[in-house]
Amino acid sequence: MEGFIPSLRARLSPSSKVLQDNTTSEFKSSLARWSDIDVRVPYAIVQAASEQDIVATVQGAVKAGIPFVPASGGHSPWSTIGQEGIVIDLSRYKGVSLHPETNEATVKGGTLMKEVEVALHPHERFAAVGNGNTVGVIPYYLGGGISIYTPLIGFGSDNLIAAKLVNAKGELVHVSETENPELLWALRGAGQFFGLVTEITIKTYPYSLLGNKGGQRICGTYVFLPHQIDQVCAAVETVIQNDRYASAGHFMVMQAPPELKQQVLFVAPQVFCSSEEAAKIFQPLVDVGTLQQAIVPSTFEKHSDQLDWVCAKGDFKRFTQNGLPDWNRENIKKLAQLHAELVENCPDAARSGYNIEWHSPRKPQGGPETAFGHGSVDYWLNVLSWYTDAKNHGYVDAMNKKAQGATRAGTDEADFVSYTNTSRDDPLGYRYKGTERIAKLRELKAKHDPTGVFTKQLL
Ligand SMILES: Cc1cc2nc3c(=O)[nH]c(=O)nc-3n(C[C@H](O)[C@H](O)[C@H](O)COP(=O)(O)OP(=O)(O)OC[C@H]3O[C@@H](n4cnc5c(N)ncnc54)[C@H](O)[C@@H]3O)c2cc1C
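The rules behind the values
Residues numbered from 1 in each chain as written. Predicted model: local features only at pLDDT ≥ 70, side-chain atom pairs only at ≥ 80, totals over all residues. Heavy atoms only, no water. Near = heavy atom within 4 Å. Polar contact = N/O pair within 3.5 Å; in protein donor to acceptor, adjacent residues only side chain to side chain. Areas by Shrake-Rupley, 256 points an atom, 1.4 Å probe, with all protein chains shown as cover. Helix = DSSP H or I, 4+ residues; strand = E, 2+ residues; numbered from the N terminus. Pairing = 2+ DSSP bridges. Axes fitted to C-alpha atoms, helices over the stretch in contact; angles between N-to-C directions. Contact = heavy atoms within 4.5 Å. Core = buried A, V, L, I, M, F, W, Y, C linked by side-chain atoms within 4.5 Å. Buried < 20%, exposed > 50% of the residue type's maximum accessible area, 1.4 Å probe, protein only. Domains from an automatic or database assignment. Salt bridge = Lys/Arg side-chain N within 4 Å of Asp/Glu carboxyl O. UniProt positions renumbered as here; feature names shortened; annotations may be inferred.

Chemist: Any chance you could explain the site of the ligand here in plain terms?
Modeler: In the region of the ligand, 32 residues are neighbours, and P70, G73, S76, S79 and Y419 sit closest. One nitrogen or oxygen atom from the main chain of I146 is found 2.8 Å from an oxygen atom belonging to the ligand. Here an oxygen atom of the ligand sits 3.1 Å away from a polar atom, N or O, in the side chain of N421. Burial of the ligand by the surrounding chains reaches 97%, relative to a free accessible area of 960 Å². When residues in the shell around the ligand are grouped by element, the largest group, four residues, is from helix α5 (residues 137-142).

Right, dumping it as structure tokens:
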């Protein structure tokens with residue numbers, strides 16, 4: 001390792017940086033992550049400033065047998081490594097360009113969600129995005145990409161058209177329908193296991209698809225008390241079942257900020273139509289009787305601003321998503337009991353929340369066949385755990401498992417779905433569906449990354 005860093009420095013462009021002194025604010029700031037769970041301190045952090053820098057770093061590391069992990073937004077638990085390796089921090093290599101002839105966008109390196117939204121907004125176009133301004137765009141697309149726009153345009157992986165990646169030999173490879181198409185299939189859902197992706201090209205869509213003149217997404221916020229859960233679930237069901245407009249949204253069990261003393265049910269539905277039409281569709285929620293209510297139109301560049309508090313770095317946090325076969329009211333009601341139990345026994349975890357995300361109607365049929373393969377999943381359990389005391393790791397994790405178990409009650413294990421972007425420990429059969437898909441992924445991994453440079457997953 002000692003000889004590797006000086007020789008790498010000599011090959012990198014002047015705008016790049018190699019950070020080795022872990023006491024400096026620059027090093028600490030690069031290391032800071034969404035969650036402090038299992039954060040490790042690497043031997044060095046390479047902040048590559050160009051594609052050539054990335055290629056040189058991967059090539060050098062592969063040749064020297066030095067393990068590395070890429071890091072974009074730092075929202076996963078996996079972009080961290082100990083003294084045996086290096087982090088390739090992509091935050092100095094970013095950019096979004098919209099191609100006017102095709103309306104496809106190319107997104108580079110460590111570009112974050114908010115940055116892609118801000119770049120597309122002046123063109124009045126949107127794309128599949130996740131709920132978090134500082135989530136990395138490329139990992140999100142590579143791992144599936146669950147989006148509140150999925151009912152209109154499918155998942156992120158359906159919208160991935162082309163990519164460039166540095167493979168396990170350190171070669172820069174072009175991937176598209178015509179160049180290495182088998183890798184395009186794999187990148188659409190399992191991409192983090194096949195290379196370091198330097199850029200992706202994605203589909204974008206006109207604001208007019210959002211169903212109103214202003215090109216806004218119309219989002220409601222409704223707050224209820226726990227004893228109203230039956231009526232609230234019934235009202236959410238009417239929004240989901242409305243057959244006029246596509247909808248998506250969140251039904252959350254959480255503690256009301258800022259005191260975090262009172263459990264509330266927070267419903268944030270959105271429909272793709274005008275605010276007047278939305279008000280009619282959301283009326284059943286109003287009829288239940290709310291503590292607070294609002295309809296908040298927002299444009300694409302402000303898509304996740306209201307969630308900036310969830311993106312704060314530090315503390316112990318975990319975010320997992322599990323696909324569910326349907327909206328099962330009885331199972332969902334158990335989440336409120338479990339959340340109350342969690343907060344009562346562990347007040348330190350009061351910022352945690354259990355949340356059902358729905359997409360209705362189903363995404364448009366006819367998208368590409370992808371490694372992701374969860375195109376038919378319309379309901380997701382999102383578990384956010386958030387606490388500060390390390391002694392609570394075991395208890396909070398056990399409660400997360402209970403929440404997952406409660407929403408899976410009545411589902412055959414063969415149909416369990418764990419989201420590829422938030423789980424690497426659950427059985428492969430939960431993350432990728434079908435023996436053929438798994439066999440194909442294993443075969444491609446054995447061919448393109450037989451020694452596990454980009455994780456041992458699928459080997
Ligand atoms: C608050 C929050 C909100 C979220 N909301 C959503 C959501 O709405 N929808 C959704 O689908 N997901 C969501 N996620 C999950 C998120 O999409 C994944 O965790 C995603 O992988 C995070 O990307 P990142 O760049 O921020 O993380 P990182 O930790 O930087 O990267 C994630 C993984 O990808 C690898 N990686 C990083 N860059 C590259 C690259 N260029 N090429 C190859 N591999 C790379 C890393 O080594 C790591 O293994 C959310 C997560 C959080 C914490």
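Chemist: Sorry, what's going on with the sheet that holds strand β5 (residues 94-99) here?
Modeler: Within a beta sheet, neighbouring strands are joined by backbone hydrogen bonds and run either parallel or antiparallel to one another. Reading across the sheet, the five strands line up as β5-β6-β10-β8-β9 and stay open at both edges, with antiparallel pairing between neighbours. The sheet is open, and its two borders are formed by β5 and β9 (172-175), each paired with just one other strand. Taken over all neighbouring pairs, the strand axes of this sheet differ in orientation by 15° on average, direction set aside. When strand β8 (residues 160-166) meets β9, the two strands line up antiparallel, connected through four bridges. Paired with K164 across the bridge in β9 is H174. Here helix α3 (residues 51-64) sits on the sheet and contacts β8, β9 and β10 (196-203); the angle it forms with β10, its principal contact strand, is near 140°. On the sheet, helix α4 (residues 113-120) packs against β5 and β6 (104-109) and is oriented at approximately 35° with respect to β5.

Chemist: Hey, could you run me through the nonpolar core in this one?
Modeler: Soluble, globular proteins show a tendency: their nonpolar side chains are buried together. Ranked by internal contacts, the top residues of the largest apolar core, which has 50 residues, are F126, Y149, L187, F194, I200 and L441. Once residues lying within four places of it in the same chain are set aside, the contact partners of F126 are L120, Y149, L152, I153, T204, Y205, P206, Y207, L209, L210 and F300. Counting residues in each nonpolar core, the second largest holds 44 residues, with I37, V288, A336 and A406 among its members.

Chemist: Explain the domain arrangement of the chain to me, please; I cannot follow it from the model alone.
Modeler: How big an interface is tends to be expressed through the accessible area that disappears when the partners come together. Domain boundaries assigned for the chain yield domain 1 (4-89) and domain 2 (212-418). Each of domain 1 and domain 2 has a C-alpha centre, and these two points are 35 Å apart. Taken together, the seven residues of domain 1 in the interface contact 13 residues of domain 2. Inspection of the domain 1/domain 2 interface yields zero salt bridges. Put simply, domain 1 and domain 2 have six residue pairs in polar contact (both at pLDDT 80 or more) between them.

Chemist: Sorry, what's going on with the environment of A234 here?
Modeler: Note that A234 resides in helix α8 (residues 229-241). Between the C-alpha atoms of A234 and V288, which are 54 residues apart in sequence, the distance is 9.4 Å.

Chemist: Would you take a moment to explain the UniProt feature "domain: FAD-binding PCMH-type" (unreviewed entry) in the chain for this structure?
Modeler: In the numbering used here, UniProt assigns the "domain: FAD-binding PCMH-type" (unreviewed entry) feature to residues 38-207. Split by type, residues 38-207 is 25% helix and 28% strand. Its first and last C-alpha atoms lie 41 Å apart.

Chemist: When you look at the pairing of strand β13 (residues 247-255) in this model, what are you seeing that I'm missing?
Modeler: Regular strands show a simple pattern: their side chains alternate between the two faces of the sheet. The element β13 is extensively covered by neighbouring structure, given that nine of its nine residues are classed as buried. Every second residue of β13 is oriented toward a common face, with S247, G249, F251, V253 and Q255 on one face and A248, H250, M252 and M254 on the other, all of them buried. Pairing of β13 with strand β14 (residues 263-271), which is carried by nine bridges, proceeds in the antiparallel orientation. Bridging from a neighbouring strand, M254 pairs with V264 of β14.

Chemist: Help me understand helix α7 (residues 181-190) in this model?
Modeler: Structurally, the α-helix is built with 3.6 residues per turn, so residues lying three or four positions apart point the same way. With eight of ten residues buried, α7 lies mostly within the body of the structure. All of the buried residues along α7 are L183, L184, W185, A186, L187, R188, G189 and A190. Next to the buried residues of α7 lie α5, β8, β9, β10 and α13 (435-448).

Chemist: I would appreciate a short explanation of the environment of Y205 in the present structure.
Modeler: Within the secondary structure, Y205 sits in strand β11 (residues 205-206). The exposure class of Y205 is buried, given its relative accessible area of 16%. Put simply, Y205 and K28 are 177 residues apart on the chain and 38 Å apart in space, counted from C-alpha to C-alpha. In this structure, Y205 is in contact with E124, R125, F126, I153 and N159, ignoring residues within four places of it in sequence. A polar contact of 2.5 Å, which involves the side chain of Y205, links it to the side chain of N159.

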